[in-house]
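# Chain and residue survey
Chain by chain, the residues:
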Amino acid sequence: MGIRISLWALYALNLFYISSSATQQPLQTVLDAAPKRVAVIGAGAGGSFAAHELRKLADASGIPVNVTVFERASYVGGRSTTVDAFDDPAYPIELGASIFVEVNQILMNASYDLGLFVLGADHARPKQTADSIGIWDGSQFVFTMKDSSGWWNIAKLLWRYGLAPLRTQNLMKDIVGRFLRLYEEPLFPFRSLSEAAAAVDLVNVTASPGSNFLDANSISELFAREIIQASTRVNYGQNIALIHGLESMVCMATDGAVSVHGGNWRIFDGVLKAAKTEVRLNTTVTKIARSNEGTVRITSKSTSDLESAQSDESEFDEVVIAGPLQYSGISISPPLEHTPDKIPYVQLHVTLLASPHRISSQFFGLDDKNFQPPETILTTLPEGLDLGTNPKGVGPSGFWSVSTLQEVPRIIMKDGQEQLENHFVYKIFSPERPTADFIAKLFGIEYHRAFDSDITFLKNSTIEDLPKSEVSWFHEKVWHPYPLMYPRVTFEEALLAPSVWYTSGIESFISTMETSALMGRNVAALMVQSWEREIDERDGQGSSSGRAEL
């Protein structure tokens, strides 16, 4: 009986509202509002995760949103991209960001959520040498490691470096633990990276060069120079006297290193598709015009023909600049309230090549032709050579690293007949473009002996001058992948001006795919919070736009 009364009461109430509809105004719900229009400039880690987090948080809040991603390249992924060895899709090679690690929660979780196939970082390496990693100081191998993480490597480390490896491991875990607090409330999302870094006690770590920070924490100079510096050089092209202490420690967080089968770019492509964004590839943003009403007008052109291409203009409520502003070429008017500092970035030459030759022992001054150098060769500075904060810090080795990536079978013609020959694919990191003479000596290729009298040719030759029988495939790329990580205690703002957000301020703090993804998520969370305040203030007072303020 009580239920019937309740139903009749509801029915009567409904009739009342229907009968008085001529004088009643319908309540405006969030879903009735016009969708928020967001432009994201850059489809790398920061841009893709900004778009993904926007979709997730806006949907959870019932806020309609349309996200458009502008990318001047022809692909998604930014510095995470692959090229195919021998132009064969069966052999994709990472050209940029190659691995991520266990503590990279965002990338790990996204990989699993997207159903991507994750493999150990060195799964394809041939593993045909006694030592997997060697550290070369320009005159000798100061340390080598076996192809395992067993007792032998641990014993060698402790024998040569004492307790320094254990102290470093403990220090790294402490530093990483502090950093991970940025992922959670109450710190996340953070309006100021400088304040967030101070809150987790990391400013004292970024304030010092790595060499000073390690010494202050009782890490021996020998271990710092030979092991930690080898890691900062291969990861960032910088020595520990230049790079700050936080990035030095990040380089040592290598547990669980993995990569995505087919390329890490698949993570960023996957989250953009999951976010149902419109992605405009081959499109360069040239102008951002900010209006008095708080909207922004984006002007863009086809990347392939910037000079003559017709401009396209679109209006948005918010814009996320998800890449270094100093390299974007974007004009912004009126000027930003906060303009990011122009900071120097490392110029890195990446050379991929395939050859039937193994790395030559003679290149390293080893007379034993039967000795095979390690498949991964990192470099450091020799004892007594102090290059200080000089960014041209490669030293006598001349390169940052050489890695043997995989072994690929090739059909070749020899003596008029087809033969199967295994070719090895290598990756070289160097501050300058390698000459043909360097490549030839590194792999024991004999061609250069015919040109001993032609010094000019030897100096100016390139990998293109080597015979196809010796270098069967190559690909070269010049990146500006990360900044020179000079010590600093303040970092760029996430909000550069009303409606203009920025992700690359985190690069000088920690420069990784993971941290760019974190900053993308961070600006998205801040943006949605500002929309929620706007809705609350409109429904409660109707007196404020609620737009995010500086």
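Now for a look at the structure at hand. Predicted, not measured: the structure shown is a model, and the values here were computed from it.

## Brief notes about the sheet that holds strand S14 (residues 331-333)
Strand order in the open sheet formed by 4 strands is S12-S11-S10-S14, and the pairing between neighbours is mixed. At either end of the open sheet lies a strand with only one pairing partner, and these are strand S12 (312-316) and S14. Averaged over neighbouring strand pairs, the angle between their axes works out to 25° when direction is ignored. Looking at chain direction, strand S10 (residues 283-290) and strand S11 (residues 296-302) are connected through 7 bridges and run antiparallel. Bridging from a neighbouring strand, Thr283 pairs with Ser302 of S11.

## Some remarks on the pairing of strand S2 (residues 65-70)
Taking burial as the measure, the 6 residues of S2 include 5 buried ones, the bulk of the element. Note: strand S1 (residues 36-41) against S2, 6 bridges, orientation parallel. Residue pairing for S2: Ala39 is matched across the bridge by Thr68. Crossover handedness for the path S1 to helix H2 (residues 45-61) to S2: right-handed. Sheet topology places S2 next to strand S9 (residues 278-280); 3 bridges connect them, and they run parallel. Residue pairing for S9: Val69 is matched across the bridge by Val279.

## Some points on the environment of Thr515
Its location among the elements puts Thr515 in helix H14 (residues 513-540). Between the C-alpha atom of Thr515 and that of Ala45, which follows or precedes it by 470 residues, the distance is 8.5 Å. Residue contacts for Thr515: discarding those within four places in its chain leaves Phe179, Ile506 and Ile510.

## Re empty space enclosed by the protein
One pass over the full model with this rule turns up 2 cavities of 30 Å³ or more. If you add up the space inside the largest cavity, you get close to 90 Å³. Taken together, 14 residues make up the lining of the largest cavity; nearest its centre are Asp341, Ile343, Glu492, Tyr502 and Ser504. Of the residues that constitute the lining of the largest cavity, the class distribution is 6 nonpolar, 4 polar and 4 charged. In this model, the second largest cavity occupies a volume close to 40 Å³. For the second largest cavity, the full set of lining residues is Gly237, Gln238, Asn239, Leu242, Asn390, Pro391, Gly393 and Trp400.

Procedures and definitions
- Residues numbered from 1 in each chain as written.
- Predicted model: local features only at pLDDT ≥ 70, side-chain atom pairs only at ≥ 80, totals over all residues.
- Heavy atoms only, no water.
- Pairing = 2+ DSSP bridges.
- Helix = DSSP H or I, 4+ residues; strand = E, 2+ residues; numbered from the N terminus.
- Axes fitted to C-alpha atoms, helices over the stretch in contact; angles between N-to-C directions.
- Buried < 20%, exposed > 50% of the residue type's maximum accessible area, 1.4 Å probe, protein only.
- Right-handed = clockwise from strand over helix to strand, strands pointing away.
- Contact = heavy atoms within 4.5 Å.
- 1 Å grid on protein atoms, 1.4 Å probe; cavity = no way out; pocket = protein on both sides within 12 Å on 5 of 7 lines; lining within 4 Å.
- Points joined across faces, edges and corners; volume = space filled by probe spheres on them.
- Nonpolar A, V, L, I, M, F, W, Y, C, P; charged D, E, K, R; others polar.

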